[in-house]
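Fold and contact review
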Amino acid sequence: MKFVSIIMGSKSDYEIVSETAKILEEFDVKYEMIISSAHRSPTRTRQYVEDADARGAVVFICAAGMAAHLAGAVAAYSLKPVIGVPMGGSAVNGVDALYSTVQMPAGMPVATLAIGKAGAKNAAYLAMQILALSDENLALKLKEDREKQAKSLEADSKKIEVLLGGAK
């Protein structure tokens, strides 16, 4: 069974990472979520990634703060796509995590998204886009979601539009 694996570095990341899970659930995408750390539980991380790989993980989403080596460690253990979500909360509000996640050596790619909630949400969408390469139904759902987002934006604009020359 194909699924998305979500790994967070600590329990404190759960509130933000749960946004990823909510979006995957809205699209009926199977996922599993665990807490594991590249630093505090490196053996657990490696064993989980190898096991998830063997069981059908198609993409890994890794959320971590501060030194944020989780996504890089997962990329070292799997050939599947890895999406990194830097977490805030550090003395420099997640910039350290962003740099740690984005600065991967050549040949060890990690798709790095925005810090925090926007990154967590976009991780779900990017994972689904990867899955949609071989799932026409999911591709259709994503297309419909984009259309719904566009219509929602247009409706919001109509409520506040002021055009040159005054009101309509």
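Residues numbered from 1 in each chain as written. Predicted model: local features only at pLDDT ≥ 70, side-chain atom pairs only at ≥ 80, totals over all residues. Heavy atoms only, no water.

If you look the chain up in an unreviewed UniProt entry, it shows as N5-carboxyaminoimidazole ribonucleotide mutase from Campylobacter vicugnae. UniProt lists a comment for the chain under the heading Catalytic activity (unreviewed entry), and it reads "5-carboxyamino-1-(5-phospho-D-ribosyl)imidazole + H(+) = 5-amino-1-(5-phospho-D-ribosyl)imidazole-4-carboxylate". Per UniProt, the chain has the following entry under Pathway (unreviewed entry): "Purine metabolism; IMP biosynthesis via de novo pathway; 5-amino-1-(5-phospho-D-ribosyl)imidazole-4-carboxylate from 5-amino-1-(5-phospho-D-ribosyl)imidazole (N5-CAIR route): step 2/2." (UniProt positions renumbered as here; feature names shortened; annotations may be inferred.)

1. Some thoughts on the nonpolar core
Generally speaking, soluble globular proteins have nonpolar side chains that are buried together. Formed by 25 residues in total, the largest nonpolar core has its most connected members in V4, V29, I61, M128 and L138. Elements with a minimum of two residues in this core: β1 (3-8), α1 (14-26), β3 (57-65), β4 (82-87), α5 (117-132) and α6 (136-160). Considering every element that reaches this core, the biggest residue donor is α5, with 7 residues. Setting aside anything within four residues of it in sequence, one finds L138 in contact with F27, V29, M128, L131 and A132. One finds I7, I34, L70 and A75 within the second-largest nonpolar core, a separate group that totals 18 residues. (Core = buried A, V, L, I, M, F, W, Y, C linked by side-chain atoms within 4.5 Å. Buried < 20%, exposed > 50% of the residue type's maximum accessible area, 1.4 Å probe, protein only. Helix = DSSP H or I, 4+ residues; strand = E, 2+ residues; numbered from the N terminus. Contact = heavy atoms within 4.5 Å.)

2. Quick look at the UniProt feature "binding site: substrate" (unreviewed entry) in the chain
The positions that UniProt labels "binding site: substrate" (unreviewed entry) are, in the present scheme, S10, D13 and R40. The topology assignment puts S10 in the loop between β1 and α1. The contacts of S10, once residues within four sequence positions are left out, are I35 and R40. Checked against the element boundaries, R40 lands in the loop between β2 (31-35) and α2 (42-55). Of the polar contacts made by the side chain of R40, one reaches the backbone oxygen of G9; its length is 2.8 Å. (Polar contact = N/O pair within 3.5 Å; in protein donor to acceptor, adjacent residues only side chain to side chain.)

3. Some words on the packing of α2 against helix α3 (residues 70-77)
Running from N to C, α2 and α3 point in directions that differ by 50°, and their axes come no closer than 10 Å. Judged by the inter-axis angle, α2 sits oblique to α3. Crossing handedness for the pair α2 and α3: right-handed. Between α2 and α3, the contacting residues are P42, T45, R46, V49 and D53 on the first element and L70, V74 and Y77 on the second. The residue makeup of the contact of α2 with α3, split by class, is 5 nonpolar, 1 polar and 2 charged. (Axes fitted to C-alpha atoms, helices over the stretch in contact; angles between N-to-C directions. Parallel < 35°, antiparallel > 145°, perpendicular 65-115°, else oblique. Left-handed = near helix turned anticlockwise from the far one by under 90°. Nonpolar A, V, L, I, M, F, W, Y, C, P; charged D, E, K, R; others polar.)

4. Topic: the pattern of salt bridges
One pass over the full model with this rule turns up 6 salt bridges. With its nearest N and O atoms 2.7 Å apart, the salt bridge here joins D51 to R55. Here D51 and its partner R55 are both found in helix α2, 4 residues apart, which amounts to about one turn of the helix. Given a relative accessible area of 35%, R55 falls into the partly exposed group. (Salt bridge = Lys/Arg side-chain N within 4 Å of Asp/Glu carboxyl O.)

5. A closer look at the sheet that holds strand β5 (residues 111-112)
With respect to topology, 5 strands assemble into an open sheet ordered β2-β1-β3-β4-β5, the strand pairing being parallel. Strands at the two margins of the open sheet, each flanked by one partner only, are β2 and β5. In terms of strand pairing, β1 meets β3 through 6 bridges, oriented parallel. Paired with S5 across the two strands is F60, which belongs to β3. Helix-sheet contacts for α1 involve β1, β2, β3 and β4, and the interaxial angle to β1 is about 175°. Sitting on the sheet, α3 is in contact with β1, β3 and β4, with an inclination near 155° to β3. (Pairing = 2+ DSSP bridges.)

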